[in-house]
2 protein chains.
Amino acid sequence: MNHDDPTLDPSRRSWVPSANQVGADFPVQNLPYGVFRRAPTDTPSLGVAIGDRILDLRVALEHVAMTRLPSAVREACGSSTLNPLLALGADAWHAAREAVSTILTEGVGSDPPPEGWLPSQAEVTSLLPMTVGDYTDFYASIHHATNVGRMFRPDNPLLPNYKYVPIGYHGRASSVVVSGTPVARPSGQRKGGAGGAGEETPTFGPCQLLDYECEVGLVIGPGNNLGETIPIGKAEEQIFGYCLLNDWSARDIQAWEYQPLGPFLSKSFATTLSPWVVTSHALAPFRAALPARPPGDPAPLPYLDESGLSGGIKLDLEVHLLTAAMRQSGLSPHRLSRASFLEMYWSPGQMVTHHASNGCNLRPGDLLGSGTVSGTTDDARGCLLELTSRGRHPITLPNAEVRRFLEDGDEVILTGHCHRDGFASIGFGECRGRISG
Amino acid sequence: MNHDDPTLDPSRRSWVPSANQVGADFPVQNLPYGVFRRAPTDTPSLGVAIGDRILDLRVALEHVAMTRLPSAVREACGSSTLNPLLALGADAWHAAREAVSTILTEGVGSDPPPEGWLPSQAEVTSLLPMTVGDYTDFYASIHHATNVGRMFRPDNPLLPNYKYVPIGYHGRASSVVVSGTPVARPSGQRKGGAGGAGEETPTFGPCQLLDYECEVGLVIGPGNNLGETIPIGKAEEQIFGYCLLNDWSARDIQAWEYQPLGPFLSKSFATTLSPWVVTSHALAPFRAALPARPPGDPAPLPYLDESGLSGGIKLDLEVHLLTAAMRQSGLSPHRLSRASFLEMYWSPGQMVTHHASNGCNLRPGDLLGSGTVSGTTDDARGCLLELTSRGRHPITLPNAEVRRFLEDGDEVILTGHCHRDGFASIGFGECRGRISG
């Protein structure tokens, strides 16, 4: 992957007009993959987002640029889920990208294109881009870990393993849903009431401290066989791309259940993904080394040493909130926070290498969450637990509503953008979820 | 399901001679399901274990007892994995069982049966019975939780949530393997050396405290939709059956990584299942209420109250060890422990109901581990961590070998049996795994 790649050339323009608008998330340099269908009975298609449209890959298979692809790549592009393409690896991904870029730059041989080639994103239903075999969630922002740790251990917020181990845990794959899926407020056991004091025994009922977590999701490619590892120098080859991920969290349930085996029902009721997977290829211009570790911090152990690699991604994330009252008043979503994915303590490659370091097999379509992305400033805290200090410092919204945690009808919208001088800016679209009571 | 069910009649005998031998795991009253193939290139078949043989369900579809089944059940029986049958629910399971019981009692119309109907278990390769979408591991033995907790908190072994919450965590589905699959010793970060003292910083290398955990696995049937719950009175309908499960554990990696999000790489390198799933139907005679909670313990919260239900299973579990030296000397495996699955603090139904209590969706083929099954006595400890008190009290084997934790070449063999006066005894077969270096 190099920056002279013509598919990344910032002067390249698409014949789809909306792709060339300033600030468009999906210019022809992006080309993220998703899965959609037009009607509930349709077979889902792979698609590539371009401007406010989607190139239907199954339809596009008849284009000469696609007919030249190896048959395995053509078959994968005609599938109803990304998994077959994920399994093929980087050469296939590059070939497919070149063909799609050619089609969206040069045209489809008629103007306007034939019916069916370019449905509007607003007209279709997005589905999960891939079948998630296993979902793992990391905890790779030291700012998040410190902010959360400080609430429980003011003098010693970070546990001793944090700077050595990319901490992660197994998540629930069945309840990973695509952006737009309503999120039902979970019930569960909680003790001590919303304020952390009170009852001697737990009660069962609706979560009172419902939260989001703004994360980045990594989508795994070919993977490794059980018993094999993935050296740090090979980790990037395993990452097909990235999406936005909301790791919904029931803080009261979590506080009561999580000892000693970690979060369980406080997380497993829903995890929302954005519909578009932005490829590693499209993100190449935005790679950079993670920030240097502060003096005194240990160097990563050799198996996690990525010195000389651009392990991080300069990706700006924002969290927006739209309450029911704001929606009724026609107000726009209010930005709660923004943070940079570059400010992580552990990189995506380190997460992949660590995950496989015991021989655990990753499979095509596996999903890795980065953990909440928070930065150093007060407005860079990627969840309400941090922003409101567990409700002690409520947020006042522009319409004078107050939030400690999420209320029914609240919609959380995550966005992400990459900018770099000399390159086309790209976006991740939206990851939306609204709380139902 | 009632005990007058003819498929459970203890006087029923099969025309397969090995099924009628005293002590056989698989008499005609058992009829557990598995998946197997004869040659590596064969399409896998569902099979039902009978004596030392397997009824090949795809072949048996031509028998008149099977031709009468609803077409969806026939299709599921002709599949290569249990998942389609799991999805159909209890009526389908009962119909299939009756047909199989009829075939194995009445004969197939020729004696000996035609080629292909009844391969020998020794001749085929067992595969995982189902595709596991999500694997969850519970911690439902209070004796195990107390024994392990005492090592870390002598005065306060049980955490305050234990008697209220059926504690569990998400496990790794990709590395669930079938009995007989070699288990490679994982590498990972560990700190402090085998004795728990020593180095200031962690190192990466092969696990030094490798352990097994003897558990029971629950195989989920139709499941629930996201956002729906499973009332305790309906939980049993969701459990197709049970198998033996070895939750291999790297104790040194676990001790260093598990705070604050729980076990991760210390568990995800392998989980071994027995090849045969013993159905809830076959276990009906062995159901009983869990032991009464000791005075002073809280009653389960109402959503977990199963008063009047026979939530437990009288299932005797044993763990056996065969070392490389024992194998070379022709010695038999040595029994390390035995415990009763009835002595759990939380029942299978409570695990299912708790799991779905936040609306998390269970899917056909999901796997729930019970957690290590330990009892009150010293010889009822279901893992080496407990048996040797983390290596402080090594075990001496009959050939004078000593074990604190598992050595390369060690093979762990789990077995399970159900006995009750007036009923045919049944067994679970074996769950085997050998450590490779």
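With that out of the way, let us pick up the environment of Gly47(A). All names here are of chain A. Its location among the elements puts glycine 47 in strand S2 (residues 45-50). Residues glycine 47 and valine 35, 12 residues apart in the sequence, show an inter-C-alpha distance of 5.8 Å. Sequence-distant contacts of glycine 47, that is, excluding residues within four places in its chain, are made with Pro32, Tyr33, Gly34, Phe36, Ile54, Leu55, Leu57 and Trp276.

The next subject is the sheet that holds strand S4 (residues 125-127) of chain A. Residue and element names in this part refer to chain A. Read from one edge of the open sheet, four strands run S3-S2-S1-S4, paired in antiparallel fashion. For this open sheet the edge positions go to strand S3 (53-56) and S4, each flanked by a neighbour on one side alone. Pairs of neighbouring strands in the sheet enclose a mean axial angle of 50°, with direction left out of account. Bridge analysis of S2 against S3 gives four bridges, and the strand direction is antiparallel. Residue valine 48 lies in a different strand from S3, and its bridge partner there is leucine 55. Its contacts with the sheet place helix H5 (residues 90-106) against strand S1 (33-37), S2 and S3, and it is angled at close to 120° to S3.

What follows covers the pairing of strand S12 (residues 214-220) of chain A. All names here are of chain A. Most of S12 sits inside the fold, with seven of its seven residues counted as buried. Residues of S12 alternate between two faces, with Cys214, Val216, Leu218 and Ile220 on one and Glu215, Gly217 and Val219 on the opposite face, all of them buried. The pairing of S12 with strand S13 (residues 239-246) spans seven bridges and is antiparallel. Within S13, the residue paired with leucine 218 across the bridge is tyrosine 242. Bridging between S12 and strand S21 (residues 367-369) involves three bridges; their strand directions are antiparallel. Paired with glycine 217 across the strands is glycine 369, a residue of S21.

Counting residues at the interface gives 52 residues for chain B, matched by 53 residues for chain A. Each partner contributes to the roughly 5100 Å² buried at the junction of chain B and chain A, and carbon and sulfur atoms together form 62% of this total. The three residues of chain B that bury the most area against chain A are His170(B), Leu261(B) and Phe264(B), which together make up 16% of that side's buried surface. At the boundary of chain B with chain A, the tally comes to four salt bridges. Between Arg172(B) and Asp366(A) there is a salt bridge, with its nearest N and O atoms 2.7 Å apart. For the interface between chain B and chain A, the tally reads 27 residue pairs in polar contact (both at pLDDT 80 or more). Contributions of two or more residues to the side of chain B that touches chain A are made by strand S5 (135-138), strand S6 (168-170), strand S9 (187-190), strand S10 (203-206), helix H7 (251-257) and helix H10 (348-356) of chain B.

This part covers the domain arrangement of chain A. Residue and element names in this part refer to chain A. If you check the domain split of chain A, you get domain 1 (6-127) and domain 2 (135-436). Relative to domain 2, the C-alpha centre of domain 1 lies at a distance of 28 Å. Taken over both partners, the interface formed by domain 1 and domain 2 buries close to 2100 Å², and the fraction arising from carbon and sulfur atoms is 69%. Inspection of the domain 1/domain 2 interface yields zero salt bridges. Where domain 1 packs against domain 2, one counts seven residue pairs in polar contact (both at pLDDT 80 or more). Contributions of two or more residues to the side of domain 1 that touches domain 2 are made by S1, S2, helix H4 (83-88), H5 and S4. Split into classes, the residues belonging to the side of domain 1 that touches domain 2 amount to 17 nonpolar, 10 polar and two charged.

A separate point is the relation of the copies chain B and chain A. Overlay of chain B on chain A (RMSD 0.0 Å): rotation 180°, translation along the axis 0.0 Å. The superposition of one copy onto the other is thereby described by a two-fold rotation axis. When C-alpha distances to the rotation axis are compared across chain B, the minimum falls at Gly262(B), with a value of 2.1 Å.

What counts as what
- Residues numbered from 1 in each chain as written.
- Chains lettered and ligands numbered in written order.
- Predicted model: local features only at pLDDT ≥ 70, side-chain atom pairs only at ≥ 80, totals over all residues.
- Heavy atoms only, no water.
- Helix = DSSP H or I, 4+ residues; strand = E, 2+ residues; numbered from the N terminus.
- Contact = heavy atoms within 4.5 Å.
- Pairing = 2+ DSSP bridges.
- Axes fitted to C-alpha atoms, helices over the stretch in contact; angles between N-to-C directions.
- Buried < 20%, exposed > 50% of the residue type's maximum accessible area, 1.4 Å probe, protein only.
- Buried area = accessible area lost by both parts, 1.4 Å probe.
- Salt bridge = Lys/Arg side-chain N within 4 Å of Asp/Glu carboxyl O.
- Polar contact = N/O pair within 3.5 Å; in protein donor to acceptor, adjacent residues only side chain to side chain.
- Domains from an automatic or database assignment.
- Nonpolar A, V, L, I, M, F, W, Y, C, P; charged D, E, K, R; others polar.
- Least-squares fit on C-alpha atoms with pLDDT ≥ 70 in both.

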